[in-house]
Amino acid sequence: MPKVLPITTYGRDILRKVAKPIKDININIVNLVENMFYTMKAAEGIGLAAPQVNEGISLAVIDISTLNDYKNEKPLVIINPKIIDTNGQSLVNEGCLSIPEVRGDVKRPEEILLEYIDLNGKENKREFFGLLARVLQHEIDHLKGKLFIDYLSEEDLEKNKELLKKIKSNKIVTEYPIYNSKSKP
Ligand code: ZN
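Presented here is a report on the structure given in the accompanying data block. (Residues numbered from 1 in each chain as written. Predicted model: local features only at pLDDT ≥ 70, side-chain atom pairs only at ≥ 80, totals over all residues. Heavy atoms only, no water.)

## Some thoughts on the coordination of the zinc ion
The zinc ion binds to the protein through Cys96 (SG), His138 (NE2) and His142 (NE2), with metal-donor distances spanning 2.0 to 2.2 Å. The sequence pattern formed by the donor residues of the zinc ion is C-x41-H-x3-H. Of this pair, Cys96 sits in the loop between β4 (90–94) and β5 (104–108) while His142 sits in helix α2 (residues 130–142), placing them 46 residues apart in sequence. For the residue pair Cys96 and His142, the accessibility class agrees, reading buried in each case. (Donors = N, O, S within 2.8 Å, 3.2 Å for Na, K, Ca; no water. Helix = DSSP H or I, 4+ residues; strand = E, 2+ residues; numbered from the N terminus. Buried < 20%, exposed > 50% of the residue type's maximum accessible area, 1.4 Å probe, protein only.)

## Some words on the packing of aromatic side chains
One pass over the structure, following the stated rule, counts one aromatic pair. A cation over a ring is seen here: Lys146 above Tyr151, with NZ or CZ 4.8 Å from the ring centre. (Phe/Tyr/Trp six-rings, centres within 6.5 Å; stacked < 30°, edge-to-face > 60°. Lys NZ or Arg CZ within 6 Å of the ring centre and 35° of its normal.)

## Details of the environment of Glu175
With respect to the element layout, Glu175 can be found in the segment after α3 (154–168). Here the alpha-carbon distance between Glu175 and Gln137, two residues 38 residues apart in the chain, equals 25 Å.

## Some remarks on the nonpolar core
The biggest cluster of nonpolar side chains holds 34 residues, and the ones touching the most others in it are Met36, Leu48, Leu59, Val61, Ile99, Phe148 and Ile149. Those elements that place two or more of their residues in this core are α1 (27–42), β2 (59–62), β3 (76–87) and α3. Here the element with the most residues in this core is α1; it accounts for six residues. If sequence neighbours within four positions are ignored, Phe148 has contacts with Glu94, Gly95, Cys96, Ile99, Val102, Arg103, Gly104, Val106, Arg108 and His138. Ranked by size, the runner-up nonpolar core spans 17 residues in total, among them Ala19, Ala60, Val135 and Leu136. (Core = buried A, V, L, I, M, F, W, Y, C linked by side-chain atoms within 4.5 Å. Contact = heavy atoms within 4.5 Å.)

## Details of the sheet that holds strand β1 (residues 47–49)
Pairing is antiparallel across the open sheet formed by five strands, whose spatial order is β1-β2-β3-β6-β7. At either margin of the open sheet sits one strand with a lone partner, and together these are β1 and β7 (123–129). With strand direction ignored, the average angle separating the axes of adjacent strands in the sheet is 40°. Direction of pairing for β3 relative to strand β6 (residues 111–117): antiparallel, over a ladder of six bridges. Opposite Asn87, over in β6, you have Glu111 as the bridge partner. Those strands touched by α1 are β1, β2 and β3, and its axis lies near 45° from that of β2. (Pairing = 2+ DSSP bridges. Axes fitted to C-alpha atoms, helices over the stretch in contact; angles between N-to-C directions.)

## Some thoughts on the pairing of β5
With burial as the criterion, only one face of β5 is covered, namely that bearing Gly104, Val106 and Arg108; the residues Asp105 and Lys107 on the opposite face remain uncovered. Examined bridge by bridge, β4 and β5 share five bridges and lie antiparallel to one another. In the sheet register, Val92 faces β5, and the bridge partner there is Val106.

## With respect to the pairing of β3
Where β2 and β3 come together, four bridges link them in antiparallel fashion. Looking at β3, one finds that Leu59 is bridged to Ile79.

## Some remarks on the pattern of salt bridges
Using the criterion set out here, one finds eight salt bridges in the structure. A salt bridge links Glu158 to Lys161; its shortest N-O distance comes to 3.9 Å. With a gap of three residues between them, Glu158 and Lys161 both fall in helix α3, about one helical turn apart. (Salt bridge = Lys/Arg side-chain N within 4 Å of Asp/Glu carboxyl O.)

## Brief notes about a nonpolar patch on the surface
Where nonpolar side chains cluster on the molecular surface, the patch consists of Met1, Val4 and Tyr38 and spans about 360 Å² of accessible area. With respect to the element layout, Val4 can be found in the segment before α1. Residue classification places Val4 among the partly exposed positions, given a relative accessible area of 35%. (Patch = residues over 30% accessible without salt bridge, like charges linked within 9 Å, V, L, I, M, F, W, Y side chains within 5 Å. Areas by Shrake-Rupley, 256 points an atom, 1.4 Å probe, with all protein chains shown as cover.)

Below, the structure written as structure tokens:
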């Protein structure tokens, strides 16, 4: 049975580390992917990167099919992803399960050309547009130790300052389980 994993929140070191490439897609990875999908759905997220469940490896899951306009989009598992080209630019409001309640506009390329390995170990090279490209870039940032708040304007950061402080000191209440930053997982 898949289980809900606690989510690491802003302030924890793992969210700022570069994730390690995956060399072998073994049963542990397969199980982790299953648990990550389960955890993401329970938290009503559309993307989740391994460092967000305290695993410093280059892996993320995405499923935007829960959103009304994207019902036909298949779930994605990306391993060792690498963006090799980008095009366009758009400003979209983002949030993150690791930074509860914080929102802000982030400028990102509108299209990406992505190389990644899927759960079957197959190498893929695919173009993504729109929301899927957006979510992918957000998750791939997680694998580089980067967070969406790094892109926020001074004004947006100032607006969220108190909330960020609260998250860092673990004084937040979430609808989903999170790691207590004061105790070891
Ligand atoms: Zn995130």
